[in-house]
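# Summary of the model geometry
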Amino acid sequence: MQLQEVLNLAKQLSPVDKVRLIQELAPDIERELVSNQITPTKSLWGLCADLGNAPSAEEIDEARREEWANFPREDI
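Residues numbered from 1 in each chain as written. Predicted model: local features only at pLDDT ≥ 70, side-chain atom pairs only at ≥ 80, totals over all residues. Heavy atoms only, no water.

Time to look at the pattern of salt bridges. Between side chains of opposite charge, a pair can form as their charged atoms come close. In this structure the tally under the stated criterion is 4 salt bridges. Among the salt bridges present, the one from R31 reaches D28, with a minimum N-O distance of 2.4 Å. Placement of the pair is R31 and D28 together in helix α2 (residues 15–35), with a separation of 3 residues, close to one helical turn. Taking the relative accessible area as the measure of exposure, R31 reaches 52% and is therefore exposed. In this structure, R64 and D61 form a salt bridge, with 3.8 Å as the shortest nitrogen-oxygen distance. Separated by 3 residues within a single helix, R64 and D61 lie in helix α4 (residues 57–68), roughly one turn from each other. Classification of R64 by relative accessible area gives exposed; the value is 52%. For D61, a relative accessible area of 35% corresponds to the partly exposed category. (Salt bridge = Lys/Arg side-chain N within 4 Å of Asp/Glu carboxyl O. Helix = DSSP H or I, 4+ residues; strand = E, 2+ residues; numbered from the N terminus. Buried < 20%, exposed > 50% of the residue type's maximum accessible area, 1.4 Å probe, protein only.)

Shown next, in the form of structure tokens:
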């Protein structure tokens, strides 16, 4: 049965029967909506929130200088 057919049949009901139909369907719809509800996931920013502040550009540059200071080089 198609949705349009169901709607046509429902429109033929009396107002009292329409209310009863809604009362019958509402708990099922609510149950389905609750069971299909997707729990929100944390964003990547949220996953890293416990790590604290990121190092500044100056701190990164200083760490690079320290690491590369003793790196063996061959001057050509």
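From this point, things continue past the structure.
Attention now goes to the confidence of the model for the chain. Across the chain, the average pLDDT comes to 87, with 97% of residues at 70 or higher. Across the chain, the secondary-structure element scoring lowest on mean pLDDT is helix α3 (residues 44–47), at 76, and the one scoring highest is helix α1 (residues 3–11), at 93. (pLDDT = per-residue confidence, 0-100.)

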